[in-house]
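Spelled out from the first residue to the last, the chains are:
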Amino acid sequence: MLPSFVVTGFLGSGKTTFLINSVRRHFEGRRVAIVVNELGEVGVDGKILQGIYSDVMEIAEGCICCSLHAEFQKALSEIKEKFNPEILFVETSGAAEPFPVMLSLQSLGCSVEGVACIVDSKNFLEYKDDPVAKHQIGSSNILILNKIDLVSQDQLKQVEDEVLNVWRQNQLRNYFTGEPLFRSPPRIYRASHGVVPKEVFEGVYPLEELTAIPHHHDHDHSHQRKDIVYIEEEIDYEKLMEILEDLTKKAIRVKGIVRVKDSPYPLIVNYSFGLLDISELNHYSGPSFLITINSGT
Ligand SMILES: Nc1nc2c(ncn2[C@@H]2O[C@H](COP(=O)(O)OP(=O)(O)OP(=O)(O)O)[C@@H](O)[C@H]2O)c(=O)[nH]1
């Protein structure tokens, strides 16, 4: 069985950053495959990860369990055949629940070694009541409080207490008996830019019991509206800022890859919860685009 980890967490919490900064470091020299379940029909995370890992597959849009199970299956057999990986990481989209992904993985012959939920410590108290965020936390046995560089010790303690509270209330239970599925409380870690110690990936027991749980199909992403804007011509940096200023009036998350006149490389645009981050991507030759996610609520 191919061992796998699921990486979940709310929009912009730092899942891709975690894959870049921790997984690469701790699995150096190992054959690591990554499947990214993207939000839009064009992916950003996959493009970034492709520059770092050789075995990255993107699955666009939606939820792996429903419309995409067949695509997931195809991607997985392709990955296994081509790369014969030793370990697989699946990054779910920030708007998806991890549980169906775990079921899909098991049904496709992978053992789920752990489910890591990346928590945005800076913004958690703002999004903690979102139903998807609750499921993401409750379905995880590794909780990583990320972005600790942006909060005080007191705030972090408050977030930690609240995250554990949400976990207790939403932890996975056997549908018939009501018994908790996780045999022990989640492991909780603190991280800046997704950097965690190697022990995070060690000694996590495989989640065998999940197959016994019926799957409800009660998850719904329709409250979030996604749009994609293609930018045909090369614009200057100021124009990009103008476009972003406009988009972020409504969007809770904006990400994309944009070519601008003054930069030798295309720029990765990453906006979440009022914070804008711009960096360069040196291995991309596709079109310029921005994906926006509006909460719609
Ligand atoms: N200050 C700070 N910024 C961070 C940290 N972790 C991630 N970021 C930034 O937060 C933004 C979102 O990070 P991503 O890793 O793209 O988040 P994600 O969870 O993959 O996003 P989605 O796939 O869209 O849900 C990026 O601009 C990151 O550089 C952190 O610990 N501290």
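Only a predicted model underlies this, so the values are computations on that prediction, with no experimental measurement involved.

Rules behind the numbers
Residues numbered from 1 in each chain as written. Predicted model: local features only at pLDDT ≥ 70, side-chain atom pairs only at ≥ 80, totals over all residues. Heavy atoms only, no water. Helix = DSSP H or I, 4+ residues; strand = E, 2+ residues; numbered from the N terminus. Buried < 20%, exposed > 50% of the residue type's maximum accessible area, 1.4 Å probe, protein only. Contact = heavy atoms within 4.5 Å. Areas by Shrake-Rupley, 256 points an atom, 1.4 Å probe, with all protein chains shown as cover. Phe/Tyr/Trp six-rings, centres within 6.5 Å; stacked < 30°, edge-to-face > 60°. Salt bridge = Lys/Arg side-chain N within 4 Å of Asp/Glu carboxyl O. Pairing = 2+ DSSP bridges. Near = heavy atom within 4 Å. Polar contact = N/O pair within 3.5 Å; in protein donor to acceptor, adjacent residues only side chain to side chain. Domains from an automatic or database assignment. Expected span 1.5 Å × (residues − 1). Arc of directions from axis to C-beta.

## Observations regarding the overall build of the chain
Consideration 1: Scanning the chain for helices and strands turns up 8 helices and 12 strands.
Consideration 2: Looking at the chain as a whole, 54% of its 297 residues are labelled buried.
Consideration 3: The contacts in the chain between residues at least 6 apart in sequence include a share of 73% that link residues at least 24 apart.
Consideration 4: Only carbon and sulfur atoms are counted for the fraction: they give 47% of the accessible area of the chain, which is about 13300 Å².

## Looking at the packing of aromatic side chains
The description of an aromatic ring pair rests on the distance of the ring centres and on the angle between the ring planes.
Consideration 1: A complete count under the given rule lists 9 aromatic pairs for this structure.
Consideration 2: Their ring planes at 15° and their centres at 5.4 Å tell us that Phe-5 and Phe-89 sit as a pair that is stacked. With Phe-5 in strand β1 (residues 2–9) and Phe-89 in strand β4 (residues 87–91), the pair connects residues that are 84 residues apart, well separated along the chain. Phe-89 shares its class with Phe-5; the two are buried.
Consideration 3: Both rings, one in Phe-89 and one in Phe-201, keep their centres 5.9 Å apart while their planes meet at 80°; by these two values the pair is edge-to-face. Residue Phe-89 is found in strand β4, and its partner Phe-201 is found in the loop between β7 (187–190) and β8 (225–231); the two are separated by 112 residues along the sequence. With respect to class, Phe-89 is no different from Phe-201; both count as buried.
Consideration 4: The rings of Phe-5, Phe-18, Phe-27, Phe-89 and Phe-201 are connected pair by pair, giving a single aromatic cluster.

## A few points about the pattern of salt bridges
Pairing between side chains of opposite charge can happen when the charged atoms of each approach one another.
Consideration 1: Under the definition given, this model contains 11 salt bridges.
Consideration 2: Between Arg-30 and Glu-86 there is a salt bridge whose closest N-O contact spans 3.0 Å. Here Arg-30 is found in the loop between α1 (15–26) and β2 (32–37), whereas its partner Glu-86 is found in the loop between α3 (69–83) and β4, with 56 residues between them in sequence.
Consideration 3: When its relative accessible area of 38% is taken as the criterion, Arg-30 is described as partly exposed.
Consideration 4: A relative accessible area of 28% places Glu-86 in the partly exposed class.
Consideration 5: Here Asp-246 makes a salt bridge to Lys-249, at a shortest N to O gap of 3.8 Å.
Consideration 6: For Lys-249, a relative accessible area of 63% puts it in the exposed group.
Consideration 7: Counted as one network, the salt bridges with shared partners bring together Arg-30, Arg-31 and Glu-86.

## Side note on the side chain of Ser-111
Consideration 1: Relative to the helices and strands, Ser-111 resides in strand β5 (residues 110–120).
Consideration 2: Residue contacts for Ser-111: discarding those within four places in its chain leaves Met-1, Leu-2, Pro-3 and Ser-4.

## Some points on the pairing of strand β10 (residues 267–272)
Consideration 1: In terms of burial, β10 is largely enclosed, as 5 of its 6 residues are buried.
Consideration 2: Pairing of strand β9 (residues 251–258) with β10 involves 6 bridges; the strand directions are antiparallel. Bridge pairing in β10 places Val-254 opposite Tyr-271.
Consideration 3: Where β10 lies against strand β11 (residues 275–280), 6 bridges are found, and the strand directions are antiparallel. Residue pairing in the sheet places Leu-267 in a bridge with Glu-280 of β11.
Consideration 4: Between the antiparallel neighbours β10 and β11 lie 2 residues, among them Phe-273 with a positive phi of about 45°.

## So, the site of the ligand
Consideration 1: Taken together, the neighbourhood of the ligand is formed by 21 residues, with Lys-15, Thr-16, Thr-17, His-193 and Lys-255 sitting nearest.
Consideration 2: In this structure, Gly-12 approaches the ligand through a main-chain N or O atom, which is 3.0 Å from an oxygen atom.
Consideration 3: In isolation the ligand has 660 Å² of accessible area, and contact with the protein removes 91% of it.
Consideration 4: Two domains each donate at least three residues to the shell around the ligand, and these are domain 1 (2–212) and domain 2 (224–295).

## Things to note about helix α7 (residues 153–170)
Consideration 1: The end-to-end C-alpha separation of α7 is 25 Å, in line with the 26 Å expected for 18 residues at 1.5 Å each.
Consideration 2: Of the residues making up α7, those classed as buried are Leu-156, Val-159, Glu-160, Val-163, Val-166 and Trp-167. Each buried residue of α7 sits inside an arc of 130° when the element is viewed along its axis, so together they form one side. Residues of α7 that are exposed and point more than 90 degrees away from the buried face comprise Asp-154 and Gln-169.
Consideration 3: Along its buried surface, α7 packs onto β5, α5 (124–127), α6 (131–138), β6 (142–146) and β7.

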